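Coordinate analysis (summary)
The lines below spell out each chain.
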Amino acid sequence: MFEFKPVTLNLFAEYEQKRKECPVKSADYTFTNLFGWADKYGLSVAFTDDFAVIHQKYPYHCLWAPVGNWDKLNAEDLSELIHSVNIPSCHDNPLMASVSSHENRFCMHRVPDELAERVMDMYSGKVAVIEARGQWEYLYSRQELATLSGNRFHKKKNHVNGFYKSYACEYHPLTTEDGVKGSLEDVLELQNEWCKWHDCENSNSLYAENEAIFRVIGSWSAFGSLFGGSFYIDDKMVAFAVGEKLDDKTCVVHFEKAHSDYRGIYQAINHAFVNNCTEGFEIINREQDMDEEGIRKAKLTYNPVNYLKKSTLVFTL
């Protein structure tokens with residue numbers, strides 16, 4: 001039996017060691033993401049010699065992809081993992097209805113394509129792959145987002161230029177220092193206001209995101225790899241963005257919020273964040289769209305250069 005532990009900060013160092021050995025650096029699998037969304041998905045983590053194993057409880061039981069050096073993963077070990085974990089099979093996962101009625105089916109969620117291909121090679125006919133389009137992570141050229149050059153970005157650039165012409169704003173990097181512009185306390189104040197404007201109390205997804213933001217920002221210094229920027233108008237924070245290094249070439253944008261009364265502010269904070277916080281990176285990962293039509297449309301307008309594709313694997317072992 002594996003000892004699954006709640007996602008707390010004292011697991012950070014051990015988890016990060018496994019994550020750094022993983023060949024695919026997904027935004028999903030940052031400790032920041034696990035820690036922030038632990039309550040929403042009922043996440044817990046267990047460790048083997050080679051891997052971190054993530055269990056999701058809500059809205060259905062499943063494992064996530066093992067985090068570690070996948071070259072050390074083989075069919076025997078994976079089968080032992082599946083049979084040893086004392087969690088219900090994924091009958092309550094609505095995706096499973098079209099796959100199999102096998103009583104022992106077991107699902108693994110958010111599996112990057114590289115690992116899915118390896119697992120398919122390990123098990124002949126015993127694994128079904130279900131495309132999880134809503135979990136694909138959007139990858140953008142840092143240079144394109146920084147310059148917004150060419151016809152493809154013409155509207156974005158107009159929004160950014162219009163924002164700067166219309167509003168006397170100041171950009172400030174995020175800082176743990178209190179009482180100064182860019183402070184984390186100002187981030188939380190803006191986030192709290194944003195939630196009131198968008199009635200987060202009556203939206204499960206927005207409420208969960210709000211909880212994740214407060215949890216991550218409240219433990220900012222523990223992660224060591226977070227960075228971000230903000231806009232101020234009339235000495236009040238009106239936008240912020242928070243990111244993190246994934247690897248030497250890629251960073252991820254975890255959170256981005258703005259006061260929507262200012263036209264063009266989302267395009268402007270995106271542009272300012274990229275230019276001020278991401279020098280040295282080549283790719284900007286802006287996470288997934290969760291099958292939300294509006295979010296997908298917005299992400300596509302920034303012309304992704306690629307996706308980090310993920311699937312759900314259904315085992316009948």
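Please refer to the structure higher up on the page.
Residues numbered from 1 in each chain as written. Predicted model: local features only at pLDDT ≥ 70, side-chain atom pairs only at ≥ 80, totals over all residues. Heavy atoms only, no water.

Here we look at the side chain of serine 44
This is how it is decided: Numbering of helices and strands runs from the N terminus, with a helix taken as a DSSP run of H or I at least four residues long and a strand as a DSSP run of E at least two residues long. Categorising residues by exposure relies on relative accessible area from a 1.4 Å probe, with only protein chains included: less than 20% of the type maximum marks a residue as buried, more than 50% marks it as exposed, and the intermediate range marks it as partly exposed. Whether two residues are in contact is decided by their heavy atoms: any pair within 4.5 Å suffices.
Considering the arrangement of structural elements, one finds serine 44 in strand S2 (residues 44–47). Given the relative accessible area of 11%, serine 44 is considered buried. Setting aside anything within four residues of it in sequence, one finds serine 44 in contact with Phe4, Lys5, Pro6, Val7, Val53, Ile54 and His55.

Re the nonpolar core
Most often, soluble globular proteins keep nonpolar side chains buried together rather than apart. Stated formally: Nonpolar core, defined: a set of buried Ala, Val, Leu, Ile, Met, Phe, Trp, Tyr and Cys residues in which side-chain atoms within 4.5 Å join the residues together.
In terms of nonpolar packing, the biggest core is built from 61 residues, with Tyr15, Val45, Ile54, Leu78 and Phe315 touching the most fellow members. The element that contributes the greatest number of residues to this core is helix H9 (residues 204–218), accounting for five residues. In terms of nonpolar packing, the next biggest core, distinct from the first, is built from 27 residues, Tyr138, Phe153, Val160 and Val238 among them.

Describing unusual backbone geometry
At the junction of tyrosine 58 and proline 59, the peptide bond is cis and its omega measures out at -5° in the coordinates. Residue position: proline 59 is located in the loop between strand S3 (51–56) and strand S4 (62–64).

Observations regarding a negative patch on the surface
Keep this limit in mind: In this scheme, patches are assembled from residues that exceed 30% relative accessible area and form no salt bridge. Like charges are connected within 9 Å, while nonpolar side chains (Val, Leu, Ile, Met, Phe, Trp, Tyr) are connected within 5 Å. To be clear on the numbers: accessible area is Shrake-Rupley with a 1.4 Å probe, and residue cover counts the displayed protein chains and nothing else. By definition here, a salt bridge exists when the distance from a side-chain nitrogen of Lys or Arg to a carboxyl oxygen of Asp or Glu is within 4 Å. When charges are counted, neither His nor the chain ends are considered; positive counts come from Lys and Arg and negative counts from Asp and Glu. To locate a charge, the coordinates of NZ of Lys, CZ of Arg, CG of Asp or CD of Glu are taken.
Where like charges cluster on the molecular surface, the negative patch consists of Asp39, Asp199, Glu201 and Glu211. Residue placement: glutamate 201 occurs in the loop between helix H8 (184–197) and H9. Overall, glutamate 201 belongs to the exposed group, its relative accessible area being 65%.

Bear in mind that shape data such as this cannot, by itself, settle questions of function.
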